[in-house]
Amino acid sequence: MKAKRVEDSKTEQTYLLMHRHINGYGRLFGGQLMQWIDELAGIVATRHSEARITTASVDNLNFKSGAYLNDTIVLIGRITYVGKTSMEVRVDTYIEELNGMRRVINRAYVVMVAIDEKGNAIPVPELIIKTEGQKAEWEAGKKRYELRKQRRIEGY
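As the structure is a computational prediction, the values presented were derived from the model and not from experiment. (Residues numbered from 1 in each chain as written. Predicted model: local features only at pLDDT ≥ 70, side-chain atom pairs only at ≥ 80, totals over all residues. Heavy atoms only, no water.)

Another point: the sheet that holds strand β4 (residues 72–82). Strand order in this open sheet of 5 strands is β2-β4-β5-β6-β3, and the pairing throughout is antiparallel. Of all strands in the sheet, those bounded by a partner on one side alone are β2 (11–16) and β3 (52–63). This sheet shows a mean twist of 25 degrees between the axes of neighbouring strands, independent of strand direction. Relative to strand β5 (residues 86–96), β4 runs antiparallel, the two being bridged by 10 bridges. Looking at β5, one finds that Thr 72 is bridged to Glu 96. Sheet strands in contact with helix α1 (residues 30–49) are β2, β3, β4, β5 and β6 (102–115), and its direction is about 45 degrees off that of β4. (Pairing = 2+ DSSP bridges. Helix = DSSP H or I, 4+ residues; strand = E, 2+ residues; numbered from the N terminus. Axes fitted to C-alpha atoms, helices over the stretch in contact; angles between N-to-C directions. Contact = heavy atoms within 4.5 Å.)

Turning our attention to the UniProt feature "domain: HotDog ACOT-type" (unreviewed entry) in the chain. UniProt records the feature "domain: HotDog ACOT-type" (unreviewed entry) for residues 7–118 in the present numbering. Structurally, residues 7–118 comprises 18% helix and 48% strand, and the distance from its first C-alpha atom to its last is 29 Å. (UniProt positions renumbered as here; feature names shortened; annotations may be inferred.)

What follows covers the pattern of salt bridges. In total, this model carries 17 salt bridges according to the counting rule given. Salt-bridge contacts for Arg 78 lead to Asp 92; the nearest nitrogen and oxygen are separated by 3.3 Å. Of the two residues, Arg 78 is situated in strand β4 and Asp 92 in strand β5; the sequence distance between them amounts to 14 residues. Among the residues examined, Asp 92 registers a relative accessible area of 0% and is labelled buried. Residue Arg 107 is joined to Asp 92 by a salt bridge in which the shortest nitrogen-to-oxygen separation is 2.5 Å. Remark: Asp 92 occurs in strand β5 and Arg 107 occurs in strand β6; sequence separation between them is 15 residues. The class of Arg 107 is partly exposed, set by a relative accessible area of 24%. What emerges from the salt-bridge pattern is a single network uniting Asp 59, Arg 78, Glu 88, Arg 90, Asp 92, Arg 107, Glu 137, Arg 144, Arg 148 and Arg 151. (Salt bridge = Lys/Arg side-chain N within 4 Å of Asp/Glu carboxyl O. Buried < 20%, exposed > 50% of the residue type's maximum accessible area, 1.4 Å probe, protein only.)

The subject of this paragraph is the packing of aromatic side chains. Under the defined criterion, the tally for this structure stands at 3 aromatic pairs. Note on Tyr 81 and Trp 138: the rings are 4.4 Å apart at their centroids and 50 degrees apart in plane angle, and the pair reads as tilted. Of the two residues, Tyr 81 sits in strand β4 while Trp 138 sits in helix α2 (residues 132–153), which places them 57 residues apart along the sequence. Summarising the burial analysis for this pair, Tyr 81 and Trp 138 share the class buried. Members of the aromatic cluster, each reached through a chain of ring pairs, are Tyr 81, Trp 138 and Tyr 145. For the cation-ring pair, Arg 144 lies above Tyr 109, with the distance from its terminal atom to the ring centre recorded as 3.7 Å. (Phe/Tyr/Trp six-rings, centres within 6.5 Å; stacked < 30°, edge-to-face > 60°. Lys NZ or Arg CZ within 6 Å of the ring centre and 35° of its normal.)

In structure tokens form, the structure reads like this:
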């Protein structure tokens, strides 16, 4: 199995917020954003693993600010850490202004597991780390992995 670079699976998706995406308070419905995050993380993980995947957990979902009707929403996902069968995907969500500037409104870490046709976990490629930013994400991902493992032991 050939190791892959972060760039090999990085994915970007853009949406225009319409009435069907808005909640009763006039903002982007959080459940809609969660669906988009899960879908994008799945695409990133599939590209990295070249396998079927399943969502294992949403480790963190941090809403920083709201989005409103007619806003352009951009989601960018990339692999930050891999284990034997799992992949941590960071998904950042932005509002893109008319001038192209982007403002972060959400960050999520999603853990995906590669599976075979029977639903059994299978190994994933190693991740090639090149930049200081990628190294920092890897180290933070390793810490999050250990925290998730500890929470499982404690019954979470």
